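Chain by chain, the residues:
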Amino acid sequence: MKKFMEFLENILLPIADKLNNNRHLTALRDGFMVALPLIIFGSIFVVIANLPFLDKLLSAEAYAAYQNALGPASAATLSIMGLFVIVGIGYKLTQSYGGEAIYGGVVAVAAFLILNPQELDGVSGVIPTAILGAQGMFLGIFTAFISAELYRFFVKKNWTIKMPAGVPDAVSRSFSALIPITLTLSIFLVIRIVFSFTPFETVQNFIYTIIQAPLTALGSSLAATIFAVLLIQFFWFFGLHGQIIINSVFDPIWYALNDENLKAFQAGTELPNVITKQFIDTFLVGMGGTGMTLAVVILIFLIGKSRQTKELGKLGGPAGIFNVNEPIIFGLPIIMNPLVLIPWLLAPVVVTIFTYFTMSIGLVPKPAGIIVPWTTPIGISGFLATGNSWRGAVLQIVNLLIVMAIWWPFLKIMDKNYYEKEKVKN
């Protein structure tokens, strides 16, 4: 066990440390955080627009009018979530360099729009909203990174307009950004023109065909999901925020899959994906936090004898209900504790496999693409994430019992060890 721990520490920690401190991955993560409140707002109204049995209580015309009235809430947020993420990435990346962050955000959006089709059904000057959502996410991420770097490069070269003293600061900053923004957007315009002579016609088509579609297919597989879950657990075991590290890479894929399900759910057609952002957040993380440690809290109250574990249960219980589990991770502890390594790694994998197959065979509805706030308690989150299905709530309870069964012998040993030490002290 000692050699295994040393191996993990020597191999994983340097990699995780580099990822955790990577400027671009941090900007990517923070960009999604900028968009999150808007995404949740849109998701709430998707839930309200699709309340169970409402279509049976209202006439077809009244139900259609009801949904049409609430539709703009999701159309103005979820359907164009890519734009918010792009602004966030450009803003945060420029801010990390100490530049004028707002210009990094707006130049990223302008560059993204330049690269995209601006024609719909033969009508020019119309940008299809589909590319402003998850479908355009990958191009948006690349564009935000490149445009922010180009803008910073031109500013660093001091290719700016200097205004005389006495000019209002806001005006001076605006003119100072003029040349860097002009040069940056001109480069993207040239790229667009070049791609117009290729079989792909647009950069969006190129990115989607060559990169996004294959990566999305890979990210929707069970094997890739298990790999991601294991890495999250590994990093947390060594005290690194595994979700921040891994989600920075996988979130664009999971959100794209989520968006596909949401569109199918709103259209009343079959949901295409089992693995989505809500699959991870609701049926794994949303059960007490990373590692589903709400099960550990419940076990502490059921079998705990030592004063240390009992006090920890009182401290971690209320927070665990809302999926905050730092008291358990640092207090049990889980970090660098060989006694819990097996259940810490095993339980999420077993739950991932079990959840995947229950949804694949239709026993439980697939996630409907509705973004449920991560602090939503177990049961409620499962109900909402599966499109208001009670089977989603039941699945969470079953998953909780699975985790409890896996953790029970290990927590029993740890609690006994603490109890014996406390008796010696007394």
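(A) The arrangement of a nonpolar patch on the surface in detail. A surface patch of nonpolar side chains, about 560 Å² in accessible area, is lined by Phe 153, Trp 159, Val 171, Phe 175, Leu 178, Ile 179 and Leu 183. Residue contributions to the nonpolar patch peak at five residues, all from helix 8 (residues 169-195). Considering the arrangement of structural elements, one finds Phe 175 in helix 8. Taking relative accessible area as the criterion, Phe 175 reaches 35% and is therefore assigned partly exposed.

(B) Structural view of the packing of helix 2 (residues 23-49) against helix 5 (residues 81-96). Packing of helix 2 against helix 5 leaves a shortest axis separation of 7 Å and a crossing angle of 140°. One finds that helix 2 runs oblique with respect to helix 5. For the crossing formed where helix 2 meets helix 5, the hand is right-handed. Contact residues: Arg 23, His 24, Ala 27, Leu 28, Asp 30, Gly 31, Phe 32, Val 34, Ala 35, Leu 38 and Ile 39 in helix 2; Met 81, Phe 84, Val 85, Gly 88, Ile 89, Lys 92, Leu 93 and Ser 96 in helix 5. For the contact of helix 2 with helix 5, the per-class residue count stands at twelve nonpolar, four polar and three charged.

(C) Inspection of unusual backbone geometry at higher detail. The residue after Leu 332, namely Pro 333, is reached through a cis peptide bond having omega -10°. Residue position: Pro 333 is located in the loop between helix 15 (326-331) and helix 16 (341-360). Unusually for a residue other than glycine, Asn 158 sits at a positive phi of about 65°. Here Asn 158 shows up in the loop between helix 7 (137-156) and helix 8. Residue classification places Asn 158 among the partly exposed residues on the basis of a relative accessible area of 48%.

(D) Just the environment of Val 203, in detail. Take Val 203: it is sitting in helix 9 (residues 203-219). You can call Val 203 buried: its relative accessible area is 8%.

(E) Geometry of helix 10 (residues 222-237). Relative to the 22 Å expected for 16 residues at 1.5 Å per residue, helix 10 spans 23 Å between its end C-alpha atoms, a close match to the ideal helical length. A large share of helix 10 lies buried, amounting to 13 of its 16 residues.

(F) Structural view of the side chain of Asn 116. As for its placement among the helices and strands, Asn 116 is situated in the loop between helix 6 (101-115) and strand 1 (119-120). We classify Asn 116 as buried; its relative accessible area is 0%. Setting aside its immediate chain neighbours within four residues, Asn 116 contacts Ile 131, Leu 139, Arg 192 and Gln 204.

(G) Representation of the pattern of salt bridges. Summed over the entire model, instances satisfying the criterion amount to eight salt bridges. A salt bridge links Arg 29 to Asp 30, with the nearest nitrogen and oxygen atoms 3.0 Å apart. Given the relative accessible area of 23%, Arg 29 is considered partly exposed. One salt bridge connects Glu 149 with Arg 152, and the closest N-O pair in it is separated by 3.4 Å. Taken together, the positions of Glu 149 and Arg 152, both in helix 7 and three residues apart, correspond to about one turn of that helix. Arg 152 sits in the partly exposed class, given a relative accessible area of 27%. Among the charged side chains, a network of salt bridges with common partners joins Asp 251, Lys 277 and Asp 281.

(H) How the structure looks around helix 14 (residues 307-321). Between its first and last C-alpha, helix 14 extends 21 Å over 15 residues, near the 21 Å set by a 1.5 Å rise per residue. Within helix 14, the full set of buried residues consists of Thr 309, Leu 312, Gly 313, Gly 316, Gly 317 and Gly 320. Looking at the buried positions of helix 14, the neighbouring elements they touch are helix 13 (294-303), helix 15 and helix 18 (390-425).

Analysis parameters
Residues numbered from 1 in each chain as written. Predicted model: local features only at pLDDT ≥ 70, side-chain atom pairs only at ≥ 80, totals over all residues. Heavy atoms only, no water. Patch = residues over 30% accessible without salt bridge, like charges linked within 9 Å, V, L, I, M, F, W, Y side chains within 5 Å. Areas by Shrake-Rupley, 256 points an atom, 1.4 Å probe, with all protein chains shown as cover. Salt bridge = Lys/Arg side-chain N within 4 Å of Asp/Glu carboxyl O. Helix = DSSP H or I, 4+ residues; strand = E, 2+ residues; numbered from the N terminus. Buried < 20%, exposed > 50% of the residue type's maximum accessible area, 1.4 Å probe, protein only. Axes fitted to C-alpha atoms, helices over the stretch in contact; angles between N-to-C directions. Parallel < 35°, antiparallel > 145°, perpendicular 65-115°, else oblique. Left-handed = near helix turned anticlockwise from the far one by under 90°. Contact = heavy atoms within 4.5 Å. Nonpolar A, V, L, I, M, F, W, Y, C, P; charged D, E, K, R; others polar. Expected span 1.5 Å × (residues − 1).

Honestly, it's all geometry; don't read function into it.
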